[in-house]
Amino acid sequence: MAPQDPLAENNGYTLDSQGPDSFPLGMKIPSTVKVRRPSAADLAPQSPILAESLAKSPVDRVFWRKRSLHRLFSLGNIKSEQELDEHARTQIVEDSIYVMRMNDFGGYTVPAQGLYPFQWNWDSAIVSAGWAVFDEARAWEELEKLFSGQWEDGMVPSIVFHRPSNTYFPGPDIWGTPQKPSKSTGITQPPVAALSVRFLYEHTENPELAEQKLVSLFPKLLAWHRWWYKARDPENTGVVAILHPWESGMDNSPAWDESMKFPIDKLPRYVRCDLNHVDSCMRPTQETYDRYLTLLHRFKAANFYDPSRLYWISPFRVTDLCVNSILIRANRDLRWLALRLEKDDIVKEIDEWLNKGFEGFKQLWDEDSGLFKCKDQLTGKLANAPISAAFLPLFAGVATKEQADKLTHNLERWLGQVNYGVPSMDPEDHRFEPLRYWRGPVWIIMNWMISNGLRHYGYDELADRIKDDSISLTTKAGLREYFDPLTGDGAGGRNFSWTAAMCLAWLDRPAAIAIGHKMSGPKKHLNA
Ligand code: DGY
């Protein structure tokens, strides 16, 4: 018998991490929502080849649709084709595939053209789950390309600069990292990749390919997780540190406000590019950017390629709930993969990380507010910021039942204040800004993680509410980077890859499988 997940008894979490959200939960469209049908021009004026490819081979489409429907019916989730047609958001599925192809730069998917023109780490890991729905080989390729940028010490950079672009700042010249092995940043991002490898492996239609990819990717995943503990928890606390807000993925979260109060250095003159693409009211402020750059230049001056040094010299060192929750969840999935490969020693090593992680999370619980909080490691204080990452310990499975009850109580209060959940911070907090990046807007990937965690703890109604809200938002506003929780308007980047991937892999999975294959075919690397 396989060893039990060491945390299962603590909190009722089970190892079946993908199960409940894999199939037809996303098929309802709330009746209040008007389906917006974006025109081809809306989607990708620059992609005539794609438009052409979508229009052709109707015969193939009929074939693939039949084949995919057959597969769905045989799994027993959908009773009839009519039922699928009634509920499927066909247009958004087609748009999502279209956006993924449009943002495919040749084995890697840019998060959004112009705004983010390289391969971003956690974006890519999420995006691979979207590719898996209709082009499995391409999904594996996304992860392989990400790990082609892995450093010798195991770190996987936040951005891999596969080719030049002048639409983003700070690019490779500012980072000035040695090519090890590709041009990249010198910091990392939330370790989602093990989740994706498990997802791809569990849902494969080509077990031989999946086995081969697992064997080659597993040691790379393991090296990255080991790096996290060695480089970012040298004091063995059970939770890891981030040294730059960009490592959290939640760049301008209010959780960093206090920790970012170090003095701004005299910086070389620079021009931001993000404001060429997105209105400044939706982006971090100039002062925040100056601090991002201050950290970058300090790391560079201190030879930031020596992680053991960076941990001690950084003026910003925090325990981030997002990174730590994802790391624990990723450890569980890595463990699941290790069991498949019969690597018992590694299972033991991962069990140690899980057990000490569970202990480590205890220091992040704030009983007064009934929320988990990020922590400044330099001052030892919990960050006074109620952010949506507070609910991610449910996704990690490290919250106790009592904590889960308090969390859901808070979540219900938050949802009562907005039309669409989950806002990235408590809407009653004076710092709440519904349009500014991580200070209020809804992010679909956070919704997936929160809803998935809620379901594991048995809060199905809340999980459904979040899923329905995600469906409403994408139906109403399209594949935007994030969304205003009050109006439901889209914000930030457009044609955003991970929002598309979430529609395919989570929100519209049955329909995506049914109609996804028809849009496959030869890979088209636009802008190559
Ligand atoms: C940025 O703006 O470059 C960040 O890495 C995105 O999170």
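## Side note on the overall build of the chain
A tally of helices and strands in the chain yields 23 helices and eight strands. Only carbon and sulfur atoms are counted for the fraction: they give 51% of the accessible area of the chain, which is about 19600 Å².

## Remarks on the side chain of His244
Note on placement: His244 falls in the loop between helix H12 (207-232) and helix H13 (245-248). Not counting chain neighbours up to four residues away, the residues in contact with His244 comprise Ile187, Tyr292, Leu295, Leu296, Phe299 and Phe316.

## Structural notes on the site of the ligand
Surveying the vicinity of the ligand reveals the residues Tyr116, Trp120, Tyr168, Trp246, Asp251, Arg283, Tyr289 and Tyr437. Between an oxygen atom of the ligand and a side-chain N or O atom of Tyr437, the distance comes to 3.5 Å. Protein contact buries 93% of the 240 Å² of open area that the ligand shows by itself. Residue composition of the shell around the ligand, by class: six nonpolar, no polar and two charged.

## Describing the confidence of the model for the chain
Low-pLDDT portions of the prediction should not be read for the details of their coordinates. In the predicted model, the chain carries a mean pLDDT of 86, and 82% of its residues have values of at least 70. Contacts of residues 9-51 to residues separated by more than four positions or lying in other chains number 107 contacts, the stretch itself having pLDDT below 50. Note on residues 521-528: pLDDT is under 50 here. Beyond four places in sequence and across chains, it has 25 contacts.

## Here's the deal with the side chain of Asp251
Structurally, the position occupied by Asp251 is in the loop between H13 and helix H14 (286-301). The buried charged residue Asp251 lacks any salt bridge partner; its closest oppositely charged side chain belongs to Arg283, at an N-O distance of 5.4 Å. Reaching out from Asp251, the side chain makes a polar contact with the side chain of Trp246 at a distance of 3.3 Å. A distance of 3.4 Å separates the side chain of Asp251 from the side chain of Tyr437, its partner in a polar contact.

## Brief notes about the pattern of salt bridges
Counted under the stated rule, the structure contains 28 salt bridges. Close ionic contact of Arg101 with Asp135 constitutes a salt bridge, the shortest N to O distance being 4.0 Å. Here Arg101 is found in helix H7 (residues 90-102), whereas its partner Asp135 is found in the loop between helix H8 (121-134) and helix H9 (136-147), with 34 residues between them in sequence. Look at Arg101 and you get buried, because its relative accessible area is 2%.

## Re helix H17 (residues 344-362)
Compared with the 27 Å implied by 1.5 Å per residue over 19 residues, the 28 Å span of H17 between its first and last C-alpha is a close match. Turning to H17, its buried residues number three or more, namely Ile346, Val347, Ile350, Asp351, Trp353, Leu354, Gly357, Phe358, Gly360 and Phe361.

## Some points on the packing of helix H20 (residues 444-456) against helix H21 (residues 460-477)
Put simply, H20 and H21 touch, their axes get as near as 8 Å, and they point 160° apart. Taken together, H20 and H21 sit at an angle that is classed as roughly antiparallel. Like other packed secondary-structure pairs, H20 and H21 cross with a definite hand, here left-handed. On the side of H20, the interface is formed by Ile444, Asn447, Ile450, Ser451, Leu454 and Arg455, while H21 contributes Asp460, Leu462, Ala463, Asp464, Ile466, Ser470 and Thr474. Partitioned by chemical class, the residues of the contact of H20 with H21 number six nonpolar, four polar and three charged.

## Thoughts on the environment of Phe161
Summarising the element assignment, Phe161 is placed in the loop between strand E2 (159-160) and helix H10 (172-175). Spatially, the C-alpha atom of Phe161 lies 7.8 Å from that of Gly171, the residues being 10 residues apart in sequence. If sequence neighbours within four positions are ignored, Phe161 has contacts with Phe118, Pro170, Gly171, Pro172, Trp175, Lys183, Ser184 and Thr185.

## A closer look at the nonpolar core
Within the largest apolar cluster, 162 residues are counted, with the highest numbers of intra-cluster contacts made by Trp122, Phe218, Trp256, Leu411, Met449 and Leu454. When sequence neighbours within four positions are dropped, the list of residues in contact with Met449 reads Trp122, Ile326, Leu392 and Phe395.

## As for unusual backbone geometry
The peptide bond linking Phe169 to Pro170 adopts the cis configuration, its omega dihedral lying at 0°. Mapped onto the fold, Pro170 is located in the loop between E2 and H10. Not every positive phi belongs to a glycine, and Asn495 is a case in point at roughly 45°. Take Asn495: it is sitting in the loop between strand E8 (490-491) and helix H22 (497-507). The exposure class of Asn495 is buried, given its relative accessible area of 17%.

## Notes on helix H19 (residues 401-416)
Helix length check: H19 (16 residues) gives 23 Å between terminal C-alpha atoms against 22 Å at 1.5 Å per residue, within 8%. Restricting attention to buried positions, one finds in H19 the residues Gln403, Ala404, Leu407, Thr408, Asn410, Leu411, Trp414 and Leu415. The arc that holds the buried residues of H19, viewed along the axis, is 165°, so those residues lie on one side. Every exposed residue of H19 that faces more than 90 degrees away from the buried side is listed here: Glu402, His409 and Gly416. Along its buried surface, H19 packs onto strand E4 (365-366), strand E5 (371-372), helix H18 (392-396), H20 and H21.

## Things to note about the packing of aromatic side chains
In total, this model carries 30 aromatic pairs according to the counting rule given. Where Trp120 meets Tyr168, the ring centres are 5.1 Å apart and the plane angle is 80°; that geometry is what we call edge-to-face. Of this pair, Trp120 sits in strand E1 (residues 119-120) while Tyr168 sits in the loop between E2 and H10, and the two are 48 residues apart along the sequence. For the residue pair Trp120 and Tyr168, the accessibility class agrees, reading buried in each case. With centroids separated by 6.5 Å and ring planes inclined at 55°, the aromatic side chains of Phe496 and Trp498 adopt a geometry described as tilted. A network of ring pairs unites the aromatic residues Tyr116, Phe118, Trp120, Trp122, Phe161, Tyr168, Tyr437, Trp438, Trp443, Tyr482, Phe496 and Trp498 as a single cluster. Cation over ring: Arg283 sits above Tyr437, and NZ or CZ is 4.6 Å from the ring centre. The cationic tip of Arg317 hangs over the ring face of Tyr311; the distance from NZ or CZ to the ring centre is 4.1 Å.

The rules behind each value
- Each residue is numbered by its place in its chain's sequence as written, counting from 1.
- Restriction of local features to residues with pLDDT of at least 70 applies here, the model being predicted, together with a cutoff of 80 or more for giving and counting side-chain atom pairs; totals for whole chains, interfaces and linings are based on all residues.
- The side-chain figures draw on all heavy atoms in the structure; neither hydrogens nor water molecules are used.
- Helix numbering and strand numbering both begin at the N terminus, where a helix is a DSSP run of H or I of at least 4 residues and a strand a DSSP run of E of at least 2.
- A 1.4 Å probe and the Shrake-Rupley method give the accessible areas. Residues count as covered only by the protein chains that appear here.
- Any two residues whose heavy atoms approach within 4.5 Å are treated as being in contact.
- It suffices for a single heavy atom of a residue to lie within 4 Å of a molecule or strand for the residue to be listed as near it.
- Within 3.5 Å is the distance limit for a polar contact, defined as a pair of N or O atoms, with the added protein rule that one can donate a hydrogen and the other accept it, and that residues adjacent in sequence qualify only through two side-chain atoms.
- The residue classification treats Ala, Val, Leu, Ile, Met, Phe, Trp, Tyr, Cys and Pro as nonpolar and Asp, Glu, Lys and Arg as charged. All others, Gly included, are polar.
- The quantity known as pLDDT measures the predictor's confidence residue by residue, on a range of 0 to 100.
- The buried label applies to any residue whose accessible area, calculated with a 1.4 Å probe on protein chains only, is under 20% of its type's maximum; exposed applies above 50%, and partly exposed to all values in between.
- This count recognises Lys and Arg as positive and Asp and Glu as negative, with His and chain-terminal groups excluded.
- Here, a salt bridge means any Lys or Arg side-chain nitrogen found within 4 Å of an Asp or Glu carboxyl oxygen.
- Expected span of a helix: the number of residues minus one, times 1.5 Å.
- Angles here are taken between N-to-C directions and fall from 0 to 180 degrees, while the axes themselves are lines fitted to C-alpha atoms, restricted in helices to the stretch in contact.
- In these notes the angle categories are as follows: under 35 degrees is roughly parallel, over 145 is roughly antiparallel, 65 to 115 is roughly perpendicular, and the rest is oblique.
- Note on convention: near helix rotated counterclockwise from far helix by under a right angle means a left-handed crossing. Clockwise means right-handed.
- By convention a nonpolar core is built from buried Ala, Val, Leu, Ile, Met, Phe, Trp, Tyr and Cys residues, the set being connected through side-chain atoms within 4.5 Å.
- Directions drawn from the helix axis to the C-beta atoms are what define this arc.
- Aromatic rings from Phe, Tyr and Trp, with only the six-membered ring used for Trp, were paired whenever their centres fell within 6.5 Å, and each pair was classed as stacked if the ring planes differed by under 30 degrees, edge-to-face if by over 60, and tilted otherwise.
- By definition, being over a ring means that NZ of Lys or CZ of Arg is both within 6 Å of the ring centre and within 35 degrees of the ring normal.

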